[in-house]
Amino acid sequence: MTSNQTVRWVAKPALFLGSLAPAAWLVVAALTEQLSPDPLADITNETGVWTLRFLCITLAMTPLRRMTGWNGVIRFRRMLGLFAFFYGSLHLLTYLVADRLASLDLPAGIAWQTVGALANATLPDVLKRPFITVGFASWLCMLPLALTSTAGMIRRLGGRRWQLLHRLTYVAAAAAVLHYWWLVKADVRRPETYALVVGLLLIFRAWWWGRSARAPVTRRVAA
Amino acid sequence: MLIKSSASIPSSEITDKRLYMDRRTFMRSATALATARAMLGADALVQAAQPASHGKKLENVRASGYSTDERTTWEQITSYNNYYEFGADKEQPARLARTLVTEPWTVAVEGECNKPAVYHLEDVLKGRTLEDRVYRHRCVEAWSMVIPWVGFPLADFIKKCEPTSRARFVEFTSLSDPKQMLGTRVPVLPWPYVEGLRMDEAMHPLTILVVGLYGKVLPNQNGAPLRLAVPWKYGFKHAKSIVKIRFVEQQPLNTWRRQGPQEYGFYANVNPTVDHPRWSQATERRLPGIFKNRKTLLFNGYADQVASLYSGMDLRKNF
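About the thresholds
Residues numbered from 1 in each chain as written. Chains lettered and ligands numbered in written order. Predicted model: local features only at pLDDT ≥ 70, side-chain atom pairs only at ≥ 80, totals over all residues. Helix = DSSP H or I, 4+ residues; strand = E, 2+ residues; numbered from the N terminus. Expected span 1.5 Å × (residues − 1). Buried ≥ 20, exposed ≤ 12 C-beta atoms within 10 Å, placed from the backbone. Pairing = 2+ DSSP bridges. Axes fitted to C-alpha atoms, helices over the stretch in contact; angles between N-to-C directions. Left-handed = near helix turned anticlockwise from the far one by under 90°. Contact = placed C-beta atoms within 7 Å. Core = buried A, V, L, I, M, F, W, Y, C linked by C-beta atoms within 7 Å.

Another aspect to go through is helix H2 (residues 39-68) of chain A. All names here are of chain A. Between the first and last C-alpha of H2 there are 41 Å, a value that for 30 residues agrees with the 44 Å anticipated at 1.5 Å per step. When you tally the buried positions in H2, you get 21 out of 30 residues, the bulk of the element. Immediately beyond the C-terminal end of H2, within one or two residues, lies Gly69, with a positive phi of roughly 75 degrees.

Listed below in C-alpha cells is the structure:
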C-alpha cells in the first residue's frame, strides 16, 4: 500500500469513526439511560464542548504542519473542520428543539405555523442574550465554510479567495470561546483553558506571518 | 392553609431509578473518549453520578398538608447537586461531600436577638416534630425536581431565639472548611456562602429547616446536617450546611448576588415573567426530562400562600 492509499483507506476512515465516537456515545448513553438526571444539559454540554475541541484540533493542523514539516496532516483538516460544524449543528439543534420548540404551545402536528412560531421564539432569544448571539454567530461563521469545503467549491472560488474566506474559522473559534465563557456561572477555568489554546493557535499564525513577511529580506541579507 | 396536591405532576414524570444506577460501568468502558478528553483537559463529559446510600431512618416523622404528591427519585436528588463547596459540577458533590463531618455540629445564633448562643444540632432539634414536606424545587438554571424533605418550620427555631424588633432580616452562613470542602480551596465564589431572608419570609410556615430526605437522614451532598428549604424561591436561596444564623437590620448581601448582581437578586422568587439575563424563566425542565416544556408557575406554584408577602412590590426590580 502506498502512503497515499494508507491515508485514504486507513487513516481517514479511522479518524472519521473516531470523530464520530462522541456523538455515538451520546446516542448510546441516551438510549440506555446512562446520562445524568439532566440529560439535556449533558447533550448540550457535550456537543458544545466537542465543537470547541474540533475547532481547536482543526486550527492546530497548520501549526503542526509548519512545525513538523509533515505536510500530510493537511489532508485531515477538512474532515476535522466538518466535524466541528457537525457538532456545532447538533448543539444548535438541541437548543432549537429541546429549549425553544419545547417551550411553545404547539398545536397537534408540525405545520408551517410551527416554523414561524419557532423563529419567533428563537430570534429574540438569540438577539437578546449575548452568549447565544456569539454562539449563533460562531455557527454562522462555520456554515459557509462547510458549504465551500468541496474540491469543486475551492476551484470555483479560486484558492486565494477560498483561503481568505476560510479564515472565518478564527472568528468562529474566538466566538465559540466567548460563548462558553459567558455561559458559565462562576468557574471560568475551563473556558480559560480553551481561550488559551485558541489564543496560542492564533498567535502562532501571527508569528508565522510576521516571520514569512520578513523572510525574503533575511535571505537577501544572508546571500 | 392547604396546598392542593398538584395535578400538574403526572406520575409518568417520576424518575426511574434504573436511569442512574450503573452509569459508572458504562463510563469506564469509554476509554477512547477518556483519552481524547484527557488531551484537552478533563471536561464537561458526564461523569458517573453517585447517589447516596440510604442513611439512618428518622423517627416520628409526620405527614404535612403542605406536600405535593409527586417526587423525584432518591437517586436523582442525591446525584445531581449544585453545591459549589464540593465543586461546580453537578455530579461532584455526590463524590466529594463524603469528607464532610456532620457530627458534632453547632449552629451559632447571633445578632439582634435575646438568646444568642452556640447551639448543638441536638438542641436545635429538641422538641421539634419533624414533618415530611414534598416541595417543588426550582433551580434558577430552569430545571426542577420534586423533593420530599424532612424538616420543621424555621419559625419554630426563630421564636426560640427571640429576635428583637430590630431584626428585619435573617442571614444564613454555610460551612466553609477547605479541609472538608474541596471546592472552597478555589475562589470560585466568595466563601463562605451567605444567604438571607426577610423576617416575614423566614417566619412563613412554608419555610423549613431540613434535616432529612425521603424519611432518611439528609445526605451530605444535599446540605447535611441542616439546610434551608424555601420552596417559592430559586434553589440558590436554600442555604446548605448552616453553621450560623444571624438576625440583622440590613438586608444581607447573599453570595450569588454578590457574584452577579445583574443575574441574581436577593428575593429570587420563582417568576416566569422575570427572565434571567441569559435564559427565559417562562418554562422549565422537570428532571429527568429533556424538554424545557413545563410552564413555570409564579412563586413556583405557592402563590396562594406567599403572594401577599410581596403585595405592592415591583417583582421585576426586586428579582
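Our focus in this paragraph is the pairing of strand E2 (residues 106-111) of chain B. Residues and elements named next belong to chain B. In this structure, E2 lies alongside strand E3 (residues 117-120), joined through 4 bridges in antiparallel fashion. If you follow Val107 over to E3, its bridge partner there is Tyr119. Hairpin geometry of E2 and E3 is characterised by an intervening segment of 5 residues between the two adjacent antiparallel strands. With 4 bridges connecting them, E2 and strand E11 (residues 242-248) associate as parallel partners. Its bridge partner being in E11, Glu110 is matched across the sheet by Arg246.

Residues and elements named next belong to chain A. Running from N to C, H2 and helix H8 (residues 168-183) point in directions that differ by 145 degrees, and their axes come no closer than 10 Å. H2 and H8 meet at a crossing whose hand is left-handed. Contact with H2, carried on its side by Thr51, Leu52, Leu55, Thr58 and Leu59, involves Thr169, Ala172, Ala173, Ala176 and Tyr180 of H8 and no other residues of that element.

Residue and element names in this part refer to chain B. Here Val61 shows up in the loop between helix H2 (31-39) and strand E1 (62-63). Overall, the presence of 18 C-beta atoms within 10 Å leaves Val61 in the partly exposed class. Residue contacts for Val61: discarding those within four places in its chain leaves Leu130, Glu131, Asp132, Val150 and Gly215.

Attention shifts here to the nonpolar core. Core analysis: the biggest nonpolar cluster contains 74 residues, and Trp149, Leu209, Val210 and Leu228 of chain B have the highest contact counts within it. The element best represented in this core is strand E5 (residues 143-153) of chain B, accounting for 7 residues. Beyond its immediate sequence surroundings of up to four residues, Leu228 of chain B is in contact with Phe172, Leu209, Val210, His238, Ala239 and Ile242 of chain B. Membership of the second largest hydrophobic core comes to 33 residues, among which are Val49, Leu52, Phe85 and Leu178 of chain A.

So, on to unusual backbone geometry. All names here are of chain B. Residue Trp191 is joined to Pro192 through a cis peptide bond whose omega torsion reads -5 degrees. Examined against the element boundaries, Pro192 turns out to sit in the loop between strand E6 (169-174) and strand E7 (194-198). The omega angle of the peptide bond from Ala224 to Pro225 is 0 degrees, so this bond is cis rather than trans. Not every positive phi belongs to a glycine, and Ala268 is a case in point at roughly 50 degrees. Its place among the elements puts Ala268 in the loop between helix H8 (255-259) and strand E12 (283-286). For Ala268, a count of 22 C-beta atoms within 10 Å corresponds to the buried category.

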